[in-house]
Amino acid sequence: MSLAATCPAVGSFYLSRSPRGTPRFKMAVRSGALSVAPILTNLQKDCATPLPVLRHVADAMEADMLAGLAVDGGSDLKMILSYVDSLPSGNEKGLFYALDLGGTNFRVLRVQLGGKEERVIATEFEQVSIPQDLMFGTSEKLFDFIASGLAEFALKEGGKFHLPPGRLREIGFTFSFPVKQTSIDSGILIKWTKGFAVSGTAGRDVVACLNEAMKRQGVNMRVSALVNDAVGTLAGARYWDNDIMVAVILGTGTNACYVERLDAIPKLQGQISSNGKTIINTEWGAFSTGLPLTVYDREMDDASINPGEQIFEKTISGMYLGEIVRRVLLKMAKDGDLFGSSFPEKLATPFVLSTPDICAMQQDNSSDLQAVGSILYDVAGVEANLRARKIVVEVCDTIVKRGGRLAGAGIVGILQKMEEDSKGLIFGKRTVVAMDGGLYENYPQYRGYLQDAVTELLGSDISKNVVIEHSKDGSGIGAALLAAANSKYEHDF
Ligand code: ADP
Ligand code: MG
């Protein structure tokens, strides 16, 4: 996979030419305002997402989906079978647990379901951030951490939560990394993403890894469903709304899934009766066709632990947006004197500027951009005057606008594919896309840009039928609902 980066002419600023055409040395051009502007202009040009670019991305997403459904390995998009073929009905009853290993946080949740009448009687959850060293350690260490968190949480069960005697507690395990699902309760880790480099898990069944850790930790619970976070979000949102057809995660990483007809999946070769529906996990983070990329993206990708992979994820998701901005600001500081003449040491550290930081800067409405100034000082150790602060906000906006709009184009690609298969199914009636993840939840500008792109692509008439809606914590409840649906105990729901 090649990164079709358009290379902005930033390199030429090292040796700019004087009006008479004789090269001047770098020091001579460090005159501030003048030399930052072209870097910004080039960035905006390279990140631009006018309608034709969006359309190309949406069409490429649709084509890649078809290719991935045709044969295994047919495209960047793995189009993984979820083995979820019945969606929650609302009748589910009993106590169920969910575990969620994302990219930043680990969450445990329990829910007492009361069927159609009572619905969700009670939920409780706890969240801890995943310690950095576990992201680079061994599989045993990571899964022991999960199992012991679960054990501690289960000990606090009480109140409205009841398990019938003689039953094991059942868990829906949300695991937000690419897994080749082998049944509803097993799946092989294809690869770690989102900065994880845990040894000994790739190629193994992650449910077996968890079961072994639970054994080591003395936890007697049963994993009834292994669920991707997008799939969990779709199931959780469907519990409340029958029009949910697509779910998208925009958090540390990104992914999307949708409801597909089994007979529209050629790679199944008739293995499953052809009249039903299932959820396909696209793993769209690996998409890479036609994206407007810059030299900063290419350099970040080169330095990543998975170069050449997850290009869509690296362009639109929370783990990376702040880092792209940092790389641009560093360039502007080095070659354009953005922050005066002293070299901003701290700004040279990868990932020191986070997506929540750039989000906070974009919320600053004060006339002197005071919050922007203090965030830059705190995280990057730089003193920025008002002019520099304004430029920084422009850079954040450029990267976030590109990310949100491309995510919107990806969603339209999925909707197009579904509509193409069954005319009127999507665009002819109310269709809901359930959204979740910390980036979507917390970044209003990103949400706005995403919605703009969807509206531009679909046109005002069709886009009235397409509702893009935040489904908070849907994936936890969704995983618990799928555990209920796949309970080993008798149930009549
Ligand atoms: P995970 O992806 O680990 O499952 P979340 O869905 O909670 O977890 O997403 C966490 C990510 O969301 C963070 O890594 C960050 O990129 C992004 N995020 C969190 N808070 C904010 C915020 N205030 N503004 C922008 N992005 C945020
Ligand atoms: Mg998550």
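Note that the structure is predicted; figures quoted are calculated from it, not measured.

Engineer: What exactly am I supposed to notice about the pairing of strand 7 (residues 186-189) here?
Structural biologist: Walk down a regular strand and you will see the side chains alternate between the two sheet faces. Direction of pairing for strand 6 (residues 179-183) relative to strand 7: antiparallel, over a ladder of four bridges. The residue bridging lysine 180 from the neighbouring strand is isoleucine 188, located in strand 7. Two successive antiparallel strands, strand 6 and strand 7, enclose a turn made up of two residues.

Engineer: Help me understand the site of ligand 1, please; the structure alone is not making it clear to me.
Structural biologist: Not every one of the 16 residues close to ligand 1 is listed here, only the nearest: Gly103, Thr104, Thr252, Gly318 and Gly438. Contacts to ligand 1 include asparagine 442, whose side-chain N or O atom sits 3.3 Å from a nitrogen atom. The fraction of the free accessible surface of ligand 1 (570 Å²) that becomes covered by protein chains is 77%. Of all the cavities here, the one that holds ligand 1 is the largest pocket. Taken together, the elements giving at least two residues each to the shell around ligand 1 come down to helix 11 (318-336), helix 12 (355-362) and helix 15 (438-442). For the shell around ligand 1, a count of residues per class yields five nonpolar, eleven polar and no charged. Residue-level mapping places the shell around ligand 1 at the junction of two domains, with at least three residues from each of domain 1 (41-81 + 241-472) and domain 2 (83-227).

Engineer: In this structure, what is going on with unusual backbone geometry? I would like to understand it.
Structural biologist: It is generally the case that most residues other than glycine have a negative phi and that most peptide bonds are trans. Here the phi dihedral of glutamate 283 falls at roughly 50°; this positive angle occurs in a residue that is not glycine. Among the structural elements, glutamate 283 can be located in the loop between strand 11 (277-281) and helix 9 (295-303). Given the relative accessible area of 7%, glutamate 283 is considered buried. In this structure, phenylalanine 351 is a non-glycine residue whose phi angle is positive, near 70°. Classification of phenylalanine 351 as partly exposed rests on a relative accessible area of 39%.

Engineer: It is not clear to me how the UniProt feature "domain: Hexokinase N-terminal" (unreviewed entry) in the protein should be interpreted in this structure. Could you clarify?
Structural biologist: Here the UniProt-annotated "domain: Hexokinase N-terminal" (unreviewed entry) positions come out as residues 41-239. Across residues 41-239, helical content stands at 36% and strand content at 27%; the span's end C-alpha atoms are separated by 47 Å.

Engineer: Sorry, what's going on with helix 7 (residues 206-216) here?
Structural biologist: Side chains of residues three or four places apart in an α-helix project in the same direction, reflecting 3.6 residues per turn. All buried positions along helix 7 are accounted for by Val206, Val207, Cys209, Leu210, Ala213 and Met214. Looking down the long axis of helix 7, one finds its buried residues gathered within 155° of arc, a one-sided arrangement. For helix 7, the elements touching its buried residues are strand 2 (93-101), helix 6 (139-155), strand 5 (169-175), strand 6, strand 7 and strand 8 (221-227). Two or three places before valine 207, at the opening of helix 7, aspartate 205 has a side-chain oxygen 2.9 Å from that residue's backbone nitrogen. Trailing helix 7 by a residue or two, glycine 218 shows a phi angle of about 70°, which is positive.

Engineer: Whenever I open this one, the layout of surface pockets confuses me. Can you help?
Structural biologist: One simple way to see leftover space: roll a probe sized like a water molecule over the atoms. Considering only enclosed or pocket space, the largest pocket measures out at about 1,200 Å³ in volume. Residue lining of the largest pocket: 48 residues in total, with Thr104, Asn105, Gly251, Thr252 and Gly438 positioned closest to the centre. Put simply, the parts of the chain that give the lining of the largest pocket at least two residues each are strand 3 (105-114), strand 4 (120-129), helix 5 (132-135), strand 10 (254-261), helix 11, helix 12 and helix 15. Broken down by element, the residue count for the lining of the largest pocket peaks at four residues, all from helix 15. The class makeup of the residues in the lining of the largest pocket is 14 nonpolar, 24 polar and ten charged. Split by domain, the lining of the largest pocket shows at least three residues from each of two domains, domain 1 (41-81 + 241-472) and domain 2 (83-227).

Engineer: Mind showing me how you'd approach the domain arrangement of the protein here?
Structural biologist: By a frequent convention, interface size equals the accessible area lost on bringing the separate parts together. Per the domain assignment, the segments making up the protein are domain 1 (41-81 + 241-472) and domain 2 (83-227). Between domain 1 and domain 2, the C-alpha centre-to-centre distance is 27 Å. Between domain 1 and domain 2, the residue contacts involve 18 residues of the former and 18 residues of the latter. Carbon and sulfur atoms supply 58% of the area buried between domain 1 and domain 2, which totals about 1,400 Å² over both sides. For domain 1, the biggest contributors to the area lost against domain 2 are Leu81, Thr252 and Ile305; these three give 30% of the whole. The tally of links from domain 1 across to domain 2 stands at one salt bridge.

Engineer: Quick question: what am I supposed to make of the state of the cysteines here?
Structural biologist: Two cysteines joined by a covalent bond between their sulfur atoms form a disulfide. Per the stated rule, a full pass over the model turns up zero disulfides. Counting only cysteine sulfurs, cysteine 396 is the nearest neighbor of cysteine 359, a cysteine outside any disulfide, at a range of 9.6 Å. Of the residues examined, cysteine 359 reaches a relative accessible area of 10% and is grouped as buried.

Engineer: Honestly, the sheet that holds strand 11 in this entry has me stumped. Any pointers?
Structural biologist: The strands making up a sheet are joined through hydrogen bonds of the backbone, oriented either antiparallel or parallel. In spatial order, the strands read 1-11-10-9-12-13; together these six strands make up an open sheet with mixed pairing. The open sheet has two edge strands with one neighbour each: strand 1 (80-81) and strand 13 (466-470). Note: strand 9 (residues 244-250) against strand 10, five bridges, orientation antiparallel. Residue pairing across strands places valine 246 opposite tyrosine 258, the latter belonging to strand 10. Sheet contacts for helix 8 (residues 229-238): strand 9, strand 10, strand 11 and strand 12 (431-436); angle to strand 9, the most-contacted strand, approximately 135°.

The rules behind each value
- Residues numbered from 1 in each chain as written.
- Chains lettered and ligands numbered in written order.
- Predicted model: local features only at pLDDT ≥ 70, side-chain atom pairs only at ≥ 80, totals over all residues.
- Heavy atoms only, no water.
- Pairing = 2+ DSSP bridges.
- Helix = DSSP H or I, 4+ residues; strand = E, 2+ residues; numbered from the N terminus.
- Near = heavy atom within 4 Å.
- Polar contact = N/O pair within 3.5 Å; in protein donor to acceptor, adjacent residues only side chain to side chain.
- Areas by Shrake-Rupley, 256 points an atom, 1.4 Å probe, with all protein chains shown as cover.
- 1 Å grid on protein atoms, 1.4 Å probe; cavity = no way out; pocket = protein on both sides within 12 Å on 5 of 7 lines; lining within 4 Å.
- Sits in = over half its atoms within 2 Å of the grid points.
- Nonpolar A, V, L, I, M, F, W, Y, C, P; charged D, E, K, R; others polar.
- Domains from an automatic or database assignment.
- Buried < 20%, exposed > 50% of the residue type's maximum accessible area, 1.4 Å probe, protein only.
- UniProt positions renumbered as here; feature names shortened; annotations may be inferred.
- Arc of directions from axis to C-beta.
- Contact = heavy atoms within 4.5 Å.
- Points joined across faces, edges and corners; volume = space filled by probe spheres on them.
- Buried area = accessible area lost by both parts, 1.4 Å probe.
- Salt bridge = Lys/Arg side-chain N within 4 Å of Asp/Glu carboxyl O.
- Disulfide = S-S within 2.5 Å.
- Axes fitted to C-alpha atoms, helices over the stretch in contact; angles between N-to-C directions.

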